[in-house]
Protein chains: 2
Amino acid sequence: MERTVKLAWAAFFLALTTAGCGTQAAPAAGDAPAFDEDGRLRFPADYREWVYVSSGLDMTYEGEEGGANQDRPPMFTNVFVNPAGYRAFMETGAWPNGTTFVLEVRESASEGSINKDGRFQTGLAAIEAEVKDQARFPKGWGFFAFGRDTEPAEAIATTQDCYSCHSEHAALDHTFIQFYPTLLDAARKKGVLADAP
Amino acid sequence: MERTVKLAWAAFFLALTTAGCGTQAAPAAGDAPAFDEDGRLRFPADYREWVYVSSGLDMTYEGEEGGANQDRPPMFTNVFVNPAGYRAFMETGAWPNGTTFVLEVRESASEGSINKDGRFQTGLAAIEAEVKDQARFPKGWGFFAFGRDTEPAEAIATTQDCYSCHSEHAALDHTFIQFYPTLLDAARKKGVLADAP
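Residues numbered from 1 in each chain as written. Chains lettered and ligands numbered in written order. Predicted model: local features only at pLDDT ≥ 70, side-chain atom pairs only at ≥ 80, totals over all residues. Heavy atoms only, no water.

1. A few points about the overall build of chain A
Step number 1: What chain A contains, in helices and strands, is four helices and five strands.
Step number 2: In chain A, the succession of α and β elements from N to C terminus is α-β-β-α-β-β-β-α-α.
Step number 3: Contacts in chain A between residues far apart in sequence, at least 24 positions, make up 49% of those at least 6 positions apart. (Helix = DSSP H or I, 4+ residues; strand = E, 2+ residues; numbered from the N terminus. Contact = heavy atoms within 4.5 Å.)

Laid out in structure tokens, this is it:
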């Protein structure tokens, strides 16, 4: 009897310690990122209930083509972060492993209903994600493009611009908090910004 | 001893049943709106952790002056709803009493850091709120303007435009979900929209 109990505990601890290792498909705890057996990021289905970070309209960047002058209505970008990552950041000023940002791109319209000027958000255009996992990703963070799909997404190749741009230009640990006023305030209060952007 | 216990329970139930009545200052349960002894709405300090609804840029409306052509940079408006109201809406397609919307107005900038075009959000300009409470407000909902202050705010007089405009033009129960794509989708799935806006 005692031996059976010990074996059960051993199996339990083995399951605990191997969950999330290597290429095993791990169920995510709470809002932690979940990966399938091929290392693809599962779509974070409830990201709209995560913590809102900020929005931009048709933001373009140095060295990038396009922007507001393109032949289409401007696009909004809404940024969300998973609650566990957010809470840790507000407490410590640093992003823990498992932090997941979602960038939601939405089309815009004007002169709809009683609106006569300015822009409001309409259909979903694309969803992208950025996940911190220093064991999984060579550069500490991985980038993923879901488009308008909810299938698991492969990590974008580390040769792509998103990695170098976030590494070189983001104000804090690959995150563009210079464009996120509430996170910027929090980082300043924590004194974690080397140089104010 | 038994009598003491009974009295303690009686006091407990009395406290429960009188909380939130009349002009008593009631502590809010969870994310429910809290009012002070003068019926002013206490500032919802954690609204940035509520559920994000949508954003607009410099939206103006029929019969309204101003907008994108004013002599100032355009303003973003971010809308949030308290989680309890959101959860009820997603389940039923209706807003329960206690539902609280927050409208956060933010200034915008361009050409900051590596941004070269489009707009991103910067300083806080104003915060407004809309609360559903059919017992408290003659029109079912009350409107509040905090500005950049966090002191309790009096309800805006019901003669002001916000009441008539939300009553006449909002797609569902005084809420402008025609400008909130995810809530609009949810309402359509629930079949609660009389006319698609």
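After presenting the structure, the write-up continues.
2. Description of the interface of chain B and chain A
A common way to report how large an interface is uses the accessible area buried once the components associate.
Step number 1: Contact with chain B, which involves 41 residues of that partner, is made by 41 residues of chain A.
Step number 2: Together, the buried faces of chain B and chain A total about 3,500 Å²; carbon and sulfur atoms form 56% of this surface.
Step number 3: At the surface where chain B touches chain A, the tally comes to zero salt bridges.
Step number 4: Where chain B packs against chain A, one counts 25 residue pairs in polar contact (both at pLDDT 80 or more).
Step number 5: Among the elements of the structure, β1 (51-61), β2 (76-81), β4 (115-132), α3 (161-169) and α4 (181-190) of chain B are those that each provide at least two residues to the side of chain B that touches chain A.
Step number 6: Tallying contributions element by element places β1 of chain B first for the side of chain B that touches chain A, with eleven residues.
Step number 7: Classifying every residue of the side of chain B that touches chain A by side-chain character gives 17 nonpolar, 15 polar and nine charged.
Step number 8: Here strand β4 (residues 115-132) of chain A runs beside β1 of chain B; their pairing, made up of four bridges, is antiparallel. Its bridge partner being in β1 of chain B, Asn115 of chain A is matched across the sheet by Tyr61 of chain B. (Buried area = accessible area lost by both parts, 1.4 Å probe. Salt bridge = Lys/Arg side-chain N within 4 Å of Asp/Glu carboxyl O. Polar contact = N/O pair within 3.5 Å; in protein donor to acceptor, adjacent residues only side chain to side chain. Nonpolar A, V, L, I, M, F, W, Y, C, P; charged D, E, K, R; others polar. Pairing = 2+ DSSP bridges.)

3. Describing the nonpolar core
Soluble, globular proteins show a tendency: their nonpolar side chains are buried together.
Step number 1: Residues Phe144 and Phe146 of chain A together with Phe144 and Phe146 of chain B are the most contacted members of the largest nonpolar core, which totals 30 residues.
Step number 2: Broken down by secondary-structure element, the contributors of at least two residues to this core are β4 and β5 (141-147) of chain A together with β4 and β5 (141-147) of chain B.
Step number 3: In contact with Phe146 of chain B, other than residues within four places in its own chain, are Leu41, Arg42, Phe43, Pro44, Ile127, Ala129, Glu151, Pro152 and Ala153 of chain B.
Step number 4: Membership of the second largest hydrophobic core comes to 26 residues, among which are Val51, Met59, Tyr86 and Leu184 of chain B. (Core = buried A, V, L, I, M, F, W, Y, C linked by side-chain atoms within 4.5 Å. Buried < 20%, exposed > 50% of the residue type's maximum accessible area, 1.4 Å probe, protein only.)

4. Digging into the side chain of Asn115 of chain A
Step number 1: Examined against the element boundaries, Asn115 of chain A turns out to sit in strand β4.
Step number 2: A distance of 3.1 Å separates a polar atom in the side chain of Asn115 of chain A from the backbone oxygen of Thr60 of chain B.
Step number 3: When residues no more than four places from it in sequence are discounted, the contact partners of Asn115 of chain A are Ser110 and Phe120 of chain A together with Met59, Thr60, Tyr61 and Phe179 of chain B.

5. Observations regarding the confidence of the model for chain A
Residues and elements named next belong to chain A.
Step number 1: Within chain A, residue pLDDT values average 85, and 81% of them lie at 70 or more.
Step number 2: The low-confidence segment residues 1-27 (pLDDT under 50) makes eleven contacts with residues lying over four places distant or belonging to another chain.
Step number 3: In the model output, the complex is listed with pTM 0.84 alongside ipTM 0.83. (pLDDT = per-residue confidence, 0-100.)

6. Some remarks on the packing of aromatic side chains
Step number 1: Counted under the stated rule, the structure contains 33 aromatic pairs over all chains.
Step number 2: On the numbers, 5.4 Å between centres and 75° between planes, the contact of Tyr47 of chain B with Phe80 of chain B is edge-to-face. One end of the pair, Tyr47 of chain B, is in the loop between α1 (2-18) and β1; the other, Phe80 of chain B, is in strand β2, and 33 residues separate them in sequence.
Step number 3: Ring pairing ties together the aromatic residues Phe43, Tyr47, Tyr52, Phe80 and Phe146 of chain A together with Phe43, Tyr47, Tyr52, Phe80 and Phe146 of chain B, which thus form one cluster.
Step number 4: The ring centre of Phe35 of chain A lies 3.6 Å from the NZ or CZ of Arg136 of chain A, which sits over that ring. (Phe/Tyr/Trp six-rings, centres within 6.5 Å; stacked < 30°, edge-to-face > 60°. Lys NZ or Arg CZ within 6 Å of the ring centre and 35° of its normal.)

7. Thoughts on the relation of the copies chain B and chain A
Step number 1: You can overlay chain B on chain A at an RMSD of 0.0 Å; the transform is a turn of 180° with a shift of 0.0 Å along its axis. What the superposition gives is, in effect, a two-fold axis relating one chain to the other. When C-alpha distances to the rotation axis are compared across chain B, the minimum falls at Tyr52 of chain B, with a value of 3.0 Å.
Step number 2: Same-surface contact between copies: 100% of interface residues of chain B are shared with the interface of chain A. (Least-squares fit on C-alpha atoms with pLDDT ≥ 70 in both.)

8. Section: the pairing of β5 of chain B
Residue and element names in this part refer to chain B.
Step number 1: Counting buried positions over the seven residues of β5 gives five, a clear majority of the element.
Step number 2: In the sheet, β4 pairs with β5 via six bridges, with the strands oriented antiparallel. When the sheet's bridge partners are listed, Ala129 is paired in β5 with Phe144.

9. A closer look at the pattern of salt bridges
Step number 1: The full count for this structure, using the stated rule, is 14 salt bridges over all chains.
Step number 2: Among the ionic pairs, Arg40 of chain B bridges to Asp36 of chain B, the shortest N-O distance being 2.7 Å.
Step number 3: For Arg40 of chain B, a relative accessible area of 27% gives the class partly exposed.
Step number 4: Here Arg106 of chain B and Glu104 of chain B are joined by a salt bridge, their closest N and O atoms 3.1 Å apart. The exposure classification of Arg106 of chain B matches that of Glu104 of chain B, with both residues buried.
Step number 5: One continuous salt-bridge network, built from bridges that share partners, spans Asp36, Asp38 and Arg40 of chain A.

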